[in-house]
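# Residue-level structure breakdown
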Amino acid sequence: PRADRQVVALSAGDAVLHQYNLRHGVEVTRGERYSLIFWLKDSMESCVANTTPWYDAAAAKGDPDAVYNLANLLVLEGREADARSWFMLAAAVGQPEAALNLGVMLHRGIGGRRNRALAKYWWQRAARGGKAAAARHLGIALMNE
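All of these numbers come straight from a predicted model, not from anything done at the bench.

Criteria and cut-off values
Residues numbered from 1 in each chain as written. Predicted model: local features only at pLDDT ≥ 70, side-chain atom pairs only at ≥ 80, totals over all residues. Heavy atoms only, no water. Helix = DSSP H or I, 4+ residues; strand = E, 2+ residues; numbered from the N terminus. Buried < 20%, exposed > 50% of the residue type's maximum accessible area, 1.4 Å probe, protein only. Contact = heavy atoms within 4.5 Å. Core = buried A, V, L, I, M, F, W, Y, C linked by side-chain atoms within 4.5 Å. Lys, Arg positive; Asp, Glu negative; His and termini not counted. Salt bridge = Lys/Arg side-chain N within 4 Å of Asp/Glu carboxyl O. Axes fitted to C-alpha atoms, helices over the stretch in contact; angles between N-to-C directions. Parallel < 35°, antiparallel > 145°, perpendicular 65-115°, else oblique. Left-handed = near helix turned anticlockwise from the far one by under 90°. Nonpolar A, V, L, I, M, F, W, Y, C, P; charged D, E, K, R; others polar. Polar contact = N/O pair within 3.5 Å; in protein donor to acceptor, adjacent residues only side chain to side chain.

The next thing to look at is the overall build of the chain. Regarding its fold elements, the chain presents seven helices and zero strands. Written out in order from the N terminus, the α and β elements of the chain read α-α-α-α-α-α-α. In terms of overall dimensions, the chain has a C-alpha envelope of 50 × 40 × 25 Å along the principal axes. Burial status across the chain gives 28% buried among its 145 residues. Put simply, 40% of the contacts in the chain that link residues at least 6 apart link residues at least 24 apart.

Okay, structure coming up:
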């Protein structure tokens with residue numbers, strides 16, 4: 001939610017590095033924003049194999065953001081049913097992006113059976129977690145009933 005935001009003032013030439021689980025947004029009040037993004041990996045093996053072992057370790061410890069990120073990787077691999085299960089795990093412990101994506105998968109029947117009632121439930125949870133897109137999905141679903 002917006003009330004939880006903290007402002008970090010940057011000057012021209014400043015750079016910011018952050019870990020994968022920092023949910024962030026950028027608001028430019030003056031000038032222009034340019035982004036240069038580097039994805040850093042923890043070993044040469046991770047680069048060569050294109051793996052993310054830190055997600056596995058963090059997910060095994062119950063980190064909902066790592067579980068969410070693993071689910072996104074499964075979607076990219078075309079493993080929708082597995083991704084849906086991982087999104088469910090992350091959403092169940094309050095990860096709002098996972099709840100949003102799970103709602104979409106349930107509504108469209110991606111990775112399993114279509115369940116529009118359950119989709120609305122997860123969109124409501126995601127909206128309460130600050131995801132405006134979830135509120136939009138929920139509103140459209142309710143209007144189309």
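Here we take up the nonpolar core. The biggest cluster of nonpolar side chains holds 27 residues, and the ones touching the most others in it are F87, A91, A98, L102, W122 and W123. Contributions of two or more residues to this core are made by α2 (53–60), α3 (64–76), α4 (80–92), α5 (96–108), α6 (116–128) and α7 (132–143). It is α5 that contributes the most residues to this core, seven residues altogether. What A91 contacts, discounting residues up to four positions off in sequence, is A98, A99, L102, W122 and R125.

Tracing the backbone through its elements, the reader meets R84 in helix α4. Buried charge without a salt bridge: R84, with E80 as the nearest opposite-charge side chain at an N-O distance of 10 Å. Excluding residues that lie within four positions of it along the chain, R84 makes contacts with L102, M105, L106, G109, I110, G111, G112 and R113.

What the rule picks out here adds up to four salt bridges. In this structure, the salt-bridge partner of E77 is R79, at a minimum N-O distance of 3.2 Å. When its relative accessible area of 40% is taken as the criterion, R79 is described as partly exposed. E97 is the salt-bridge partner of K131, the closest N and O atoms lying 3.7 Å from each other. Of the two residues, K131 sits in the loop between α6 and α7 while E97 sits in helix α5, which places them 34 residues apart along the sequence.

This part is about the environment of R116. Its location among the elements puts R116 in helix α6. Not counting the four nearest positions on each side in its chain, R116 is found in contact with L106 and H107.

In contact at an axis separation of 8 Å, α5 and α6 are set at 160° when each is read in the N-to-C sense. Relative to α6, the element α5 lies roughly antiparallel. Like other packed secondary-structure pairs, α5 and α6 cross with a definite hand, here left-handed. Packed against α5, whose contacting residues are P96, A99, L100, L102, G103, V104, L106 and H107, the element α6 presents R116, L118, A119, W122, W123 and A126 at the interface. Residue classes in the contact of α5 with α6 are distributed as 11 nonpolar, two polar and one charged.

A few words now on the side chain of S46. As for its placement among the helices and strands, S46 is situated in helix α1 (residues 44–49). Taking relative accessible area as the criterion, S46 reaches 2% and is therefore assigned buried. Side chain to side chain, S46 and S43 meet in a polar contact 3.1 Å long. Apart from the residues lying within four places of it in its own chain, the contact partners of S46 are K41, T51, P53 and W54.

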